[in-house]
Amino acid sequence: MARLTPVSGFVLAFAGTMGLWATQAAANDELLKIQDDPKQWVMPLGNYSSNRYSGLDQINRDNVGDLQVAWTFSTGVLRGHEGGPLVIGNMMYVHAPFPNTVFALDLSKGGQIVWKYEPQQDPNVIPVMCCDTVNRGVAYGDGKIFLHQADTKLVALDAKTGKEVWSAMDGDATKGETGTSAPLVVKDKVLIGNSGGEFGVLGKVTAYNMSDGKIAWRAFSAGPDDQIKVDPEKTTALGKPVGKDSSLKTWEGDQWKIGGGTTWGWMSYDPELNLVYYGTGNPSTWNPAQRPGDNKYSMTIFARDADTGMAKWLYQMTPHDEWDYDGVNEMILADQQVNGQDRKLLVHFDRNGFGYTLDRDTGELLVAEKYDPAVNWATKIDLKTGLPDRVKEFSTEANGEDVNTTNICPAALGSKDQQPSAYSPKTGLFYVPTNHVCMDYEPFKVAYTAGQPYVGATLSMYPPKGEDHLGNFIAWDATTGKIKWSLPEPFSVWSGALATAGDVVFYGTLEGYLKAVDAETGKELYRFKTPSGIIGNVNTYEYDGKQYIAVLSGVGGWAGIGMAAGLTEDTAGLGAVGAYKALSSYTALGGTMTVFALPE
Amino acid sequence: MRSACRSLFFLAVAVTLAGSVQAQETASTTEEKPYHVAEDGTVSWPVFSGFRRYNSVCHTCHGPDGVGSTFAPALVDSMKRLSYEQYMDVVVNGRKNVNTAVQRTMPSFGLDPNVMCYIDDIYAYLKARSDGVVPRGRPAKKEDKPAEWAEAEAACMGL
């Protein structure tokens, strides 16, 4: 117990007399320190590298079979529960979907509610959230809890009392711009993205000063160089300068202004390189014929300077998207050897079905391979040009408007959506929750109206031909781009994974099982049926000498939208319901956190 | 470019409200049976168009093919009861049912060309669904897009 106790951590952060500089430094150091303490879970993806790995090993492959439920907690909300709780010292912070309630629970008092925060939000925001009213979690920094509400407001709450310290309205929900993503605290700033690609919202990332909620920098996903914070000479794409107007040139006229590229996924940070990493979403509309060009920088990985927001490098994975393959999934930072060379890697499992391994310093593309063998829209990715080799049969652009292109794999949900993977430095493997779903996609003309849906396609989704399962949980070697093992799941795995030093990997399923598998072999070691389907992320922490596993259940989200809406029949929820209709015979709605531990 | 589009669109809404995109025959008969479905199941183009528009905008709340959800009522039932005017009124102006027990919002689509230019198509589709002449899912066969329909669409959408 030589580490900083949580209480003194708070005292440090709350010592309000410190100068601004001191506060910044303290906040930065505080997070860097806590992220290395496996007893706490200080950010949604575990650490700045988004590894979702824990050094705790009290629960291990030999005893995980004995896990029991230690306690449970209801959020009182019925819609889809993405994300997961944070644990800082003796406090646990649990969030819920709209209305975005936040609870602070005291672990030293059996999970007693210390405070509860429920924002007042205009219910008109509900209809403009495309895929259920989800929220992916809160962030901690400098004694504050940061909540990114559905209506785009960023709120700083005193972590001790739940009192609002400041708030900032980030966007305009009347135009369909919403908030679903978790903030990331970096140094003295808190960063958030935006949602609303189905409403023609232009993507952006904004850094707010943690102290006062003022905007420090903001970078859009498309537009003039100064707006997207790209330096024509210094910012590179696969090693080459991007040149002048690199985004504007890839759109017709003003279309970029309603061009999407929203930033609703996860962010990572490398403190040594001082770079923030995130991806951008689909270009709007879903009808590719209406937006000629590469539509930069939708579907792009950005590496930006944390202080200024300037892009160091970027890489567009799916130029001129034709299938809604958003590029927002988590960016996992790992240091591994590729071809015998030590590399600082960024590993990303894209919606488009390819697992990308890049050098995170330079943006060089090292590996790009299919992480689901069903993927058919492209045969391969050219590592030099970065371009996918598209298959005409599955091109909704080539087949054109008003034509129903069939059997495209993956579906718009992607081979994986936002559900974050885990990386174990111990095994060197990535554990990836995946979708195994294909689709029919028929694009048609739509017109843009602010605040109205701007979709322009009808879809239906189903498992790959001749198969009956909709998901796999896989172990992936990112240095070679190969699947090590793959566990079939009846439904998409829409829950974030957790890997631990106990050689166990945890994930949840849409039917509601929390599962533990062997990190080496994938052999199932434990399962427990929680009250509802799991689309949340599994976390672990230690309190009072005991390791706990925590997960939110509460089916919903895109995969479960039909369920959340009470649908029991085919085709809806942007085409997802058909494939997921059977889900209703396994589980029902309701948000509950379940916490597991070994018996005494 | 956008503002030109917009004014064209307002014009189009006015025309639509007067009953345009689908060339109106005598109001009463088209309202009762605003669709055409051949014996082999081939649906008229407006029904197919209505299917597509419905299943890209309305389905997220009203469920696939109008079957309803916990968000919003089953339109296959509502259409048995609602007149064309009542249907228009709700879709154009929206409706709020917000109190402590329920938070239900039907958005107003009066300014959305993706709905307003196809409002009669969606009506035709929903009526065909509620009369039980069109099954669930994507219609297997459809008539070709008629030239005058395409023209009306282009004018309405400002394309």
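The residue numbers shown here count from 1 along each chain, following its written sequence. Chain labels run from A onward and ligand labels from 1 onward, assigned in the order the entries are written. Whole-chain, interface and lining totals are the exception, using all residues; otherwise, since this is a predicted model, local features are given only for residues with pLDDT of at least 70 and side-chain atom pairs are given and counted only at 80 or more. Only heavy atoms go into the side-chain values, all of them from the structure, while hydrogens and water stay out.

## Quick look at the overall build of chain A
Right, on to step 1. Labels follow the DSSP assignment, with helices taken as runs of H or I lasting at least four residues and strands as runs of E lasting at least two, numbered in each case from the N terminus. Within chain A, the secondary structure is distributed over 6 helices and 42 strands.
Right, on to step 2. Expressed as lengths along the three principal axes of its C-alpha atoms, the size of chain A is roughly 60 × 55 × 55 Å.
Right, on to step 3. Burial classes: relative accessible area under 20% of the type maximum marks a residue as buried, over 50% as exposed, and values in between as partly exposed (1.4 Å probe, protein chains only). Residues classed as buried in chain A amount to 68% of the 600 residues present.
Right, on to step 4. Each accessible area is a Shrake-Rupley result for a 1.4 Å probe, and residues are judged covered by the shown protein chains and nothing else. Element-wise, carbon and sulfur atoms account for 51% of the exposed surface of chain A, whose accessible area totals about 18,500 Å².

## Focus: the sheet that holds strand β31 (residues 438–443) of chain A
Right, on to step 1. Strand pairing requires that DSSP identify at least two bridges connecting the strands. Reading across the sheet, the 3 strands line up as β28-β31-β32 (chain A) and stay open at both edges, with antiparallel pairing between neighbours. Every interior strand has two partners, whereas the edge strands, β28 (405–408) and β32 (457–462) of chain A, have only one. When the angles between neighbouring strand axes are averaged without regard to direction, this sheet yields 20°.
Right, on to step 2. Here a residue-residue contact requires only that any non-hydrogen atoms of the pair lie within 4.5 Å. Fitting a line to C-alpha atoms yields each axis, with helices limited to the stretch in contact; the angle taken between N-to-C directions then spans 0 to 180 degrees. Helix α3 (residues 45–62) of chain B contacts β31 and β32 of chain A of the sheet and is inclined by roughly 75° relative to β32(A).

## Points about unusual backbone geometry
Residue and element names in this part refer to chain A.
Right, on to step 1. Residue T285 is reached from S284 by a cis peptide bond, and omega for that bond is 0°.
Right, on to step 2. Between K296 and the following residue, Y297, the backbone shows a cis peptide bond with an omega angle of 0°.
Right, on to step 3. With respect to the helices and strands, Y297 occurs in the loop between β19 (275–279) and β20 (300–305).
Right, on to step 4. Backbone geometry places R52, a non-glycine residue, at a positive phi of 50°.
Right, on to step 5. Take R52: it is sitting in the loop between α2 (20–34) and β1 (53–54).

## Observations regarding the confidence of the model for chain A
Right, on to step 1. One number per residue, pLDDT, summarises how confident the predictor is, and it ranges from 0 to 100. Taken residue by residue, chain A gives an average pLDDT of 91. The fraction at 70 or more is 91%.
Right, on to step 2. Confidence drops under pLDDT 50 across residues 1–24 of chain A; counting only partners more than four residues distant or on other chains, this segment forms 29 contacts.

## Overview of the packing of aromatic side chains
What characterises a pair of aromatic rings is the spacing of the ring centres plus the angle enclosed by the ring planes.
Residues and elements named next belong to chain A.
Right, on to step 1. Two aromatic rings, drawn from Phe, Tyr or Trp (for Trp, its six-membered ring), form a pair once their centres lie within 6.5 Å of each other, and the interplanar angle then sorts them: stacked below 30 degrees, edge-to-face above 60, tilted otherwise. Applying the stated criterion across every chain, the model contains 35 aromatic pairs over all chains.
Right, on to step 2. Ring centres 6.1 Å apart and planes at 45° place the aromatic pair Y277 and W313 in the tilted group. On the criterion of sequence distance, the pair formed by Y277 in strand β19 and W313 in strand β21 (residues 311–316) is long-range, its members being 36 residues apart. Here Y277 and W313 have matching classes, each one buried.

## Concerning the state of the cysteines
Residue and element names in this part refer to chain A.
Right, on to step 1. Only a pair of cysteine sulfur atoms within 2.5 Å qualifies as a disulfide here. One pass over the structure, following the stated rule, counts 2 disulfides over all chains.
Right, on to step 2. Between the sulfur atoms of C409 and its disulfide mate C438 the distance is 2.1 Å. Across the S-S bond of C409 and C438 the torsion is about 100°, and the bridge reads as right-handed. A residue pair is termed long-range when its members are at least 10 positions apart, and C409 in the loop between β28 and β29 (422–424) and C438 in strand β31 qualify at 29 residues.

## Focus on the pairing of strand β41 (residues 546–553) of chain A
Right, on to step 1. The element β41(A) is largely enclosed, with a buried count of 8 among its 8 residues.
Right, on to step 2. Side chains K546(A), Y548(A), A550(A) and L552(A) of β41(A) all project onto a buried face; the interleaved residues Q547(A), I549(A), V551(A) and S553(A) project onto the opposite face, where all are buried too.

## A word on empty space enclosed by the protein
Residues and elements named next belong to chain A.
Right, on to step 1. A cavity here means a set of points on a 1 Å grid, drawn over the protein atoms and nothing else, where a 1.4 Å probe fits but cannot get out; a pocket is an open set with protein on both sides within 12 Å along at least five of seven lines, and a residue lines either one if it has an atom within 4 Å of a point. Grid points are joined across faces, edges and corners, and a volume is the space filled by probe spheres set on the points. Under the defined criterion, the tally for this structure stands at 7 cavities of 30 Å³ or more.
Right, on to step 2. Along its surface, the second largest cavity is lined by M43, P44, L45, N47, Y48, S50, A182, P183, L184, W266 and M267.
Right, on to step 3. Under this grouping Gly is polar, as are all residues other than the nonpolar Ala, Val, Leu, Ile, Met, Phe, Trp, Tyr, Cys and Pro and the charged Asp, Glu, Lys and Arg. Classifying every residue of the lining of the second largest cavity by side-chain character gives 9 nonpolar, 2 polar and no charged.

## Some words on the sheet that holds strand β34 (residues 482–489) of chain A
As a general point, the strands of a sheet are linked pairwise by backbone hydrogen bonds and lie either parallel or antiparallel.
All names here are of chain A.
Right, on to step 1. Read from one edge to the other, the open sheet built from 4 strands follows the order β29-β30-β33-β34, with strand pairing classed as antiparallel. Across the chains shown, the open sheet's two edge strands, defined by having one partner strand only, are β29 and β34. When the angles between neighbouring strand axes are averaged without regard to direction, this sheet yields 20°.
Right, on to step 2. Both β29 and strand β30 (residues 429–435) contribute to a ladder of 3 bridges, which runs antiparallel. What sits directly across from Y423, in β30, is F430.

## Thoughts on helix α5 (residues 84–93) of chain B
Right, on to step 1. When α5(B) is considered as a whole, its buried residues turn out to be Y84(B), Y87(B), M88(B), V90(B), V91(B) and V92(B).
Right, on to step 2. Downstream of α5(B) by one or two residues, G94(B) has phi in the positive range, about 75°.

## Quick notes on the confidence of the model for chain B
Residues and elements named next belong to chain B.
Right, on to step 1. With 76% of its residues at a pLDDT of at least 70, chain B reaches an overall mean of 79.
Right, on to step 2. Within the model, the stretch residues 1–28 combines pLDDT values under 50 with 39 contacts to residues more than four positions away or in other chains.
Right, on to step 3. Interface predicted TM-score (ipTM) for the complex: 0.75; the corresponding pTM is 0.89.

## Quick word on the environment of Y48(A)
Residues and elements named next belong to chain A.
Right, on to step 1. For Y48, the position within the fold is in the loop between α2 and β1.
Right, on to step 2. Taking the relative accessible area as the measure of exposure, Y48 reaches 1% and is therefore buried.
Right, on to step 3. Not counting residues up to four positions away in its chain, the partners in contact with Y48 are L31, L32, Q35, M43, L184, V185, V186, K187, S268, Y269 and L333.

## Some points on the nonpolar core
All names here are of chain A.
Right, on to step 1. Only buried Ala, Val, Leu, Ile, Met, Phe, Trp, Tyr and Cys residues count toward a nonpolar core, and they belong to the same one when joined by side-chain atoms within 4.5 Å. The biggest cluster of nonpolar side chains holds 86 residues, and the ones touching the most others in it are M92, Y93 and F506.
Right, on to step 2. The residues touching M92, leaving out its near neighbours within four places in the chain, are W71, P85, L86, V87, F103, A104, L105, L107, Y541, A550 and M593.
Right, on to step 3. Listed in part, the 44 residues of the second largest apolar core include L275, Y325, M331 and M461.

## A few points about the side chain of S246(A)
Residue and element names in this part refer to chain A.
Right, on to step 1. With respect to the helices and strands, the residue S246 is situated in the loop between β17 (240–241) and β18 (268–270).
Right, on to step 2. Judged by relative accessible area, which is 6%, S246 ranks as buried.
Right, on to step 3. Here Y297 takes part through its side chain, which lies 2.7 Å from a polar atom of the side chain of S246.
Right, on to step 4. Contact partners of S246, with chain neighbours within four places excluded, come to D225, V230, K296 and Y297. Polar contacts, as counted here, are pairs of nitrogen or oxygen atoms within 3.5 Å of one another; within protein the pair requires one atom able to donate a hydrogen and one able to accept it, and residues that are adjacent in sequence qualify only if both atoms are side-chain atoms.

## Thoughts on the environment of V517(A)
Residue and element names in this part refer to chain A.
Right, on to step 1. Turning to its location among the elements, V517 is positioned in strand β37 (residues 513–518).
Right, on to step 2. As a C-alpha pair, V517 and L314 span 203 residues in sequence and 35 Å in three-dimensional space.
Right, on to step 3. Filtering out sequence-adjacent residues up to four positions away, V517 remains in contact with F473, W485, L487, D503, V504, V505, Y507, G522, K523, E524 and L525.

## So, the pattern of salt bridges
Right, on to step 1. Whenever Lys or Arg places a side-chain nitrogen within 4 Å of a carboxyl oxygen from Asp or Glu, that contact is recorded as a salt bridge. Using the criterion set out here, one finds 43 salt bridges over all chains in the structure.
Right, on to step 2. Across the pair K189(A) and D188(A) runs a salt bridge, and its minimum N-O distance is 3.3 Å.
Right, on to step 3. We note a salt bridge from D254(A) to K257(A), for which the minimum N-O separation is 3.6 Å.
Right, on to step 4. Look at K257(A) and you get partly exposed, because its relative accessible area is 45%.
Right, on to step 5. Taken together, the shared-partner salt bridges connect D402(A), E442(A), R52(B), R53(B), R138(B), K145(B) and E153(B) into one network.

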